[in-house]
Amino acid sequence: MPLIVDKGLGNTIAAETTLSFIDGVKGVLEYVGYDIDSLARYSTFEETTWLLWHGHLPTAQELSAFTRQLQSEYCVDRRLLDVVRAIPRTAAPMDALRTLVSALAHFDTEADDPSLAANERKSIRLVAKTATLVALFDRYRKGKSFIEPDCSLSLAANFLWMLTGAKPTAPMARALDVCLVLHADHGLNASTFAARVTISTQSDMYSAATTAVGTLKGPLHGGANQEVMEMLVEIGDISKVDGYIASKLARKERIMGFGHRVYKAYDPRATYLKTFAKQVAADTGNLPLYEMTRRIEEIVLAQPNIVEKGIFPNVDFYSATTYYALGLDLDLFTCMFAASRMAGWTGHCIEQLAANKLIRPHADYRGPHGLTYQPLDQRGVPETSSTSPSCSAAMSVTA
Ligand code: ACO
């Protein structure tokens, strides 16, 4: 088959999936055939995770058994707390999460068991524990004591409990739950692709999840929600929105929370979230913030060249204010995205393994050919340092 160059792989189908369907032109997202709007309105993160993994909605009995399984996995091995404490308090939470998701493997005796049953159990552990890890690191970096999980709570409510030490109100827990539902899966996005590449080598679930966290971190993917909030904080007041956005557009800078590789219409996850974010903002005294986002959207969508390019608000635009209204620090936003997308990542890994083929595309080599190797002493005089290298005290293994 002739090879074609497809930089960014935007015109390549690299996997078959039954988890989620996207029509970027019409602005449709379905999880296993259910439109995202219905799931955001009526489902929960637990039920949505089951749906993605099993391909159908659970019965009441299945859902309650599955919820109990997740709840029983909120806790982490005590030794993992030492790993949390070994991370510098100044570390970015996504970097800490990457380390901690990887470290989970050391405390799971099934980490290298490739059987489907073990991979399903590890998926439950990964989904249940990711939010716990985020809360633990945030408490530790702020010098606060760890809070034991409350295994009677939903994943969203338990996260807020472990983060703040206060039981969240039902609307607060629901607000986070809606964000988790909306972020749980999204076709072959960059982090899911990364997870599938890793598992396609017959590596393990923890390695795939760690790869995915590292990929999600980037500002062109999961990091955008934090940047949206940083932009709002920088603008500061609705009276300054017009000038700020106009000068950004004049400098041809990107407006964070707008645009998507696949959607050239309104991101369907943003449709419900836009209304929902307003309610959350009103309930938490953050309406001025919400009004700023609405004004930004108005200005951006009034630019003919922006709309012609199919640039509309994406899920990050309105999830940012929702997370902020829940009291989450800005640098935890992407971690919540990871806690949710863990459902999709693990589901995709199991799907990949069911009909596995090593994912290994080609590169279009653009360098020279046929050069003659020159021995080191014939390559000119290098600049040399007279002092020999030595370990700094902090790095010394004997310190
Ligand atoms: N603001 C202004 N212009 C934009 C934006 C934006 N947010 N996004 C894209 N454009 C413009 C580009 O400048 C480019 O214009 P040009 O053709 O005149 O050069 C054109 O649209 C196409 O941009 P690409 O980068 O080629 O499009 P791509 O599909 O690769 O990018 C991406 C998608 C990376 C998401 C981009 O829209 C972006 O950077 N958005 C801001 C970051 C963001 O919100 N990311 C979150 C994505 S959603 C998610 O991961 C959950």
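Residues numbered from 1 in each chain as written. Predicted model: local features only at pLDDT ≥ 70, side-chain atom pairs only at ≥ 80, totals over all residues. Heavy atoms only, no water.

Visitor: Could you give an account of the overall build of the protein chain, naming the residues involved and the relevant values?
Guide: For the protein chain, the count of helices and strands is 17 helices and three strands. Computed over C-alpha atoms, the radius of gyration of the protein chain comes to 23 Å, within 12% of the 21 Å expected from 2.2 N^0.38 for 399 residues, which places it in the range of a compact globule. A principal-axis box enclosing the C-alpha atoms of the protein chain has dimensions of 70 × 55 × 50 Å. Buried positions account for 48% of the 399 residues belonging to the protein chain. Taking all contacts inside the protein chain whose residues are at least 6 apart in sequence as the whole, residues at least 24 apart take part in 75%. Carbon together with sulfur atoms contributes 56% to the accessible area of the protein chain, which is approximately 20200 Å² in total. Where the 39 positive side-chain charges of the protein chain centre and where its 43 negative ones centre are 3 Å apart. (Helix = DSSP H or I, 4+ residues; strand = E, 2+ residues; numbered from the N terminus. Rg over C-alpha atoms; globule rule 2.2 N^0.38 Å. Buried < 20%, exposed > 50% of the residue type's maximum accessible area, 1.4 Å probe, protein only. Contact = heavy atoms within 4.5 Å. Areas by Shrake-Rupley, 256 points an atom, 1.4 Å probe, with all protein chains shown as cover. Lys, Arg positive; Asp, Glu negative; His and termini not counted. Charge placed at Lys NZ, Arg CZ, Asp CG, Glu CD.)

Visitor: Explain the pattern of salt bridges to me, and be specific about the residues and the numbers.
Guide: In total, this model carries 27 salt bridges according to the counting rule given. Close ionic contact of aspartate 77 with arginine 79 constitutes a salt bridge, the shortest N to O distance being 2.8 Å. Since its relative accessible area comes to 28%, aspartate 77 is described here as partly exposed. One salt bridge connects glutamate 110 with arginine 125, and the closest N-O pair in it is separated by 3.0 Å. (Salt bridge = Lys/Arg side-chain N within 4 Å of Asp/Glu carboxyl O.)

Visitor: Just give me the short version of the layout of surface pockets, but keep the residues and values in it.
Guide: Space inside the largest pocket adds up to approximately 1800 Å³. In this structure, the largest pocket is lined by 49 residues; those nearest its centre are Gly259, His260, Arg261, Val262 and Lys264. For the lining of the largest pocket, the secondary-structure elements that each account for two or more residues are β1 (20–23), α9 (190–200), α15 (304–308), α16 (315–325) and α17 (333–354). Across the lining of the largest pocket, the residue classes break down as 21 nonpolar, 17 polar and eleven charged. Each of two domains, domain 1 (20–220 + 334–354) and domain 2 (224–325), supplies a minimum of three residues to the lining of the largest pocket. (1 Å grid on protein atoms, 1.4 Å probe; cavity = no way out; pocket = protein on both sides within 12 Å on 5 of 7 lines; lining within 4 Å. Points joined across faces, edges and corners; volume = space filled by probe spheres on them. Nonpolar A, V, L, I, M, F, W, Y, C, P; charged D, E, K, R; others polar. Domains from an automatic or database assignment.)

Visitor: I'd like to hear about empty space enclosed by the protein, residue by residue, with values.
Guide: The final tally for this structure, using the stated rule, is one cavity of 30 Å³ or more. Its boundaries defined by the atoms lining it, the largest cavity holds a volume of some 40 Å³. Around the largest cavity, the lining residues are Pro93, Ala96, Leu97, Leu100, Leu133, Val134, Phe137 and Cys335. If you list the elements that add at least two residues to the lining of the largest cavity, you get α5 (93–104) and α6 (116–141). Of the residues in the lining of the largest cavity, the class split is eight nonpolar, no polar and no charged.

Visitor: Summarise unusual backbone geometry; cite the residues concerned and give the values.
Guide: In this model, leucine 9 sits at a positive phi of 55°, which is unusual for a non-glycine residue. Following the sequence through the fold, leucine 9 ends up in the segment before β1. Judged by its relative accessible area of 35%, leucine 9 falls in the partly exposed class.

Visitor: I'd like a description of the site of the ligand, backed by residues and values.
Guide: Surveying the vicinity of the ligand reveals 19 residues, the closest of which are Arg254, Ile255, Gly257, Phe258 and Arg261. Here an oxygen atom of the ligand sits 2.9 Å away from a polar atom, N or O, in the side chain of lysine 309. Asparagine 314 is positioned with one of its side-chain polar atoms (N or O) 3.0 Å from an oxygen atom of the ligand. When the free accessible area of the ligand is taken as 920 Å², the share hidden by the protein chains comes to 72%. (Near = heavy atom within 4 Å. Polar contact = N/O pair within 3.5 Å; in protein donor to acceptor, adjacent residues only side chain to side chain.)

Visitor: Break down helix α13 (residues 268–283) for me, with residues and values.
Guide: With 16 residues, α13 should reach 22 Å at 1.5 Å per residue; the first-to-last C-alpha distance of 24 Å fits that figure. In the structure, α13 departs most strongly from a straight axis at lysine 274, where the bend amounts to approximately 30°. By the burial criterion, the buried members of α13 are Pro268, Arg269, Ala270, Tyr272, Leu273, Lys274, Phe276, Ala277, Val280 and Ala281. Looking at the buried residues of α13, the elements they touch are β2 (28–31), α1 (36–42), α8 (170–183), α14 (287–301), α16 and α17. Positive phi appears at glycine 285, one or two residues downstream of α13, with a value of about 70°. (Expected span 1.5 Å × (residues − 1). Bend = angle between axes of the 7 residues up to and from the residue.)

Visitor: Describe in detail helix α7 (residues 155–164), supporting the description with residues and values.
Guide: Of all ten residues that make up α7, nine are buried, and the element is covered over most of its length. Leu155, Ala156, Ala157, Asn158, Phe159, Leu160, Trp161, Met162 and Leu163 are the residues of α7 that are buried. Residues of α7 that are buried make contact with α2 (45–54), α6, α8 and α17. Note on α7: the residue one or two positions beyond its end, glycine 165, has a positive phi of about 80°.

Visitor: Outline the packing of aromatic side chains, listing residues and values.
Guide: Aromatic ring pairs are reported here in terms of the distance separating the ring centres and the angle at which the planes meet. Enumeration according to the criterion identifies nine aromatic pairs in this entry. Ring geometry for phenylalanine 137 against tyrosine 140: centres 6.0 Å apart, planes inclined by 50°, an arrangement best described as tilted. Here phenylalanine 137 pairs with tyrosine 140, and both are found in helix α6, just three residues apart, close to one helical turn. The same class applies to phenylalanine 137 as to tyrosine 140, namely buried. In this structure an aromatic cluster arises from ring pairing among Phe258, Tyr290, Phe317 and Tyr318. Just above the ring of tryptophan 161 sits the side chain of lysine 167; from NZ or CZ to the centre is 4.4 Å. (Phe/Tyr/Trp six-rings, centres within 6.5 Å; stacked < 30°, edge-to-face > 60°. Lys NZ or Arg CZ within 6 Å of the ring centre and 35° of its normal.)

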